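Here is how the chains run, residue by residue.
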Amino acid sequence: ADPSEHRFFTVTDYVIFGLLLAASAGIGLYHAVSGGRQRTTQEFLMADRSMRCLPVSLSLIASFQSAVAIIGVPAEVYAHGTQYWFIGCAYVLGLLIPAHVFIPLLYRLHLSSAYQYLELRFSRAVRVCGTLTFIFQMVVYMGVCVYTPAFALNAGTCGGAVLATGLVCTLYTTMGGLKAVIWTDVFQTGVMFAGQLAVIVVGVQKTGGPAEVWRKVWEGNRISGLDLNPDPTQRHTFWTLGVGGVFLMLSLYGVNQAQVQRYLSSRTEKEAIRSCYMVFPALQLALALSCIMGLVMFARYCDEDMVIYFVMDTLQDLPGLPGLFVACLFSAALSSISSAFNSLATVTMEDLIKPRFPAMSEETATLLSKALALSYGLLCLLMAYLTHLMGDSVLQVALKTFGMMGGPVLGLFCLGMFFPWANSTGAGAGLAAGLAVAFWVGIGSIVTRSGAGRALPVSCSAAPPSHNTSAVGGAVLRWAWSDWLCSGCVLVSVTCVGSRTQSGLQRFYSLSYMWYSGFSCLSVVLVGLAVSFLTAHAVLDPQLPAPPGSPLKGANGLPALQDAAPEETGRFLPEADSPFVEYETGV
């Protein structure tokens, strides 16, 4: 394929893309005029807590299966091989722990915002800090989500659709509330899978069949083995993906308001837990489709790494299919952005506005919630411009964002749930330390371009894996199926060995972005515990439940969730005159 050759949409492509936007807007309008007509904050922000597990599970997938994944993962596999696929191992604990620890605790508290827990456990100041961290995280992420399809549309010569997409998303989110967001997510998830499957099937057929695809990706060294290198500065290994990825998943599916809000919109606690279980196979399918798409793209032609160009070149003779894929791409963007709008409106209203204006009428609160969703929708269009300044792949930018800000929030929740002597002073100090360290390493890696990783040689005719070395851009690429490195680790894949003369600070900046969540979470816990120990005691509400397995039970008499009746889902909020239990640190 000639990269300079332009590919254009046909009328059919435009019609398919237009139908996506019209259907999404139609779902929002339907929920705006049906049911309670979004007249209360309970309906607008929480879908009246009436959703079943299937739509909730599909919405959970769509919320973070954005255009970043559909564009970024194939590009990652094209450039670096299939090592990233091992992040699927992190999905096991990354979903089991939220299902059995975070969901039962947060659901039984009958909250609207996940960060209300931080006030019940610590103080209002800690709650506000957690909320502001989440707002900053999601505003930055929205910019990445908008930038990614905008870049693709420039390549696909579909100018002007970005603005239309942003406006449609803002429209149905503002008018239809969370229920519209969830049901459009269901529709858009189907479009996402259909678009990816179409590209893979046609791409394999045009490349010469599955056998030819396999031959090219194998000879091009794109099939990665199990890399057990424990070096945390290695960009992708089994440990960075399989272990570091668990912390990333917990920050997304355990404490992120966009996901917690969907759990809390479920009819019952069992439906919420079941929806978390149903996410696992769908996430594995989405990951597999994205990775296979990257391999097919490599097999199709090995000298061009633009996913959208691959789509336009592969599907050019099939009217409508390029439009289907761009619809797939923007379905992913719409679902992520609308989830962000709704969750941001929720935390702003519940955590920042309502506590300041407790006498606000329900009608005024609902109108203000809609205005907040509209405002965040316009803000995300402005944030897209800043994304390209970071210089990394869109996938890496997105995961860095979640690690730098999601990790400290995860640490805050862990501190409150599992350490009875942690107090509000320690929580505040821990969050500040976690954010400081995360931004230090994150910004340092962006400025110094550390930890970006070197792409594998782009060639379909490379020699098959063997015990050999070759110089590529000053780095040594070793095919080591049984080579012992200085760390004493056996690598079962290609390992990029750079200079060993890095300073300590440079190695710190080279920390794999997949460790950001775990590193910042651990920083929050350690600093929080140390400060809490020095400040003598914690004050805990005896009515606040503890998660299963938490040492809080017994330390202060809190009821563990496994002791509650299965049907018990009422409030555990403290009474105004409830007593508090004080005890010395370490007792």
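None of the values given here were measured: they were computed from a predicted structure.

Okay, the overall build of the protein chain next. Along its length, the protein chain carries 21 helices and 5 strands. Every one of the 587 residues in the protein chain was classed for burial, and the buried ones make up 58%. When contacts within the protein chain are restricted to residue pairs at least 6 apart in sequence, those whose partners lie at least 24 apart make up 83%.

When you line up the elements, Gln 261 lands in helix α12 (residues 257–264). Linking Gln 261 and Leu 60, residues 201 residues apart in sequence, is a C-alpha distance of 9.9 Å. Excluding residues that lie within four positions of it along the chain, Gln 261 makes contacts with Leu 45, Met 46, Leu 178, Asn 342, Ser 343 and Thr 346. Polar side-chain contacts of Gln 261 include one of 2.9 Å to the side chain of Thr 346.

By size, the foremost hydrophobic cluster in this structure holds 132 residues, and its most contacted members are Tyr 117, Tyr 253 and Phe 413. Per-element accounting of this core gives the leading share, 16 residues, to helix α13 (residues 269–300). Ignoring sequence-local partners within four residues, the contact set of Tyr 253 consists of Leu 60, Ile 61, Gly 94, Leu 95, Pro 98, Gln 259, Tyr 263, Val 279 and Leu 283.

With that settled, consider the confidence of the model for the protein chain. Within the protein chain, residue pLDDT values average 75, and 71% of them lie at 70 or more. Mean pLDDT values over the elements of the protein chain span from 28, in strand β2 (residues 475–480), up to 93, in helix α20 (residues 516–534). Low pLDDT, under 50, characterises residues 155–159; the stretch is placed with 11 contacts to residues that sit more than four places away or in other chains. Scored below 50 in pLDDT, residues 462–501 makes 86 contacts in the model with residues more than four places away or belonging to other chains.

It is worth spelling out the pattern of salt bridges at this point. This model, assessed by the stated rule, comprises 10 salt bridges. A salt bridge links Glu 119 to Arg 127, with the nearest nitrogen and oxygen atoms 2.4 Å apart. Given a relative accessible area of 29%, Glu 119 falls into the partly exposed group. Put simply, Arg 127 and Asp 351 hold a salt bridge, and the shortest N to O gap is 2.6 Å.

Calculation rules
- Every residue gets a number counted from 1 within its own chain, in the order that chain's sequence is written.
- Note on the predicted model: pLDDT of at least 70 is required for a residue's local features to be given, and 80 or more for side-chain atom pairs to be given and counted; whole-chain, interface and lining totals, by contrast, use all residues.
- Note: side-chain values were computed over all heavy atoms of the structure, leaving out hydrogens and water.
- A run of H or I in DSSP becomes a helix once it reaches four residues, and a run of E becomes a strand once it reaches two; helices and strands are each numbered from the N terminus.
- Burial status follows relative accessibility: with a 1.4 Å probe on protein chains alone, a residue under 20% of its type maximum counts as buried, one over 50% as exposed, and anything between as partly exposed.
- Pairs of residues are marked as contacts when any of their non-hydrogen atoms sit within 4.5 Å.
- Two N or O atoms form a polar contact when they lie within 3.5 Å of each other; inside protein one atom must be a possible hydrogen donor and the other a possible acceptor, and for residues adjacent in sequence the pair counts only when both atoms belong to side chains.
- Among buried residues, those of type Ala, Val, Leu, Ile, Met, Phe, Trp, Tyr and Cys that are joined through side-chain atoms within 4.5 Å constitute a nonpolar core.
- Scored from 0 to 100, pLDDT records how confident the predictor is in each individual residue.
- Any carboxyl oxygen of Asp or Glu within 4 Å of a side-chain nitrogen of Lys or Arg constitutes a salt bridge here.

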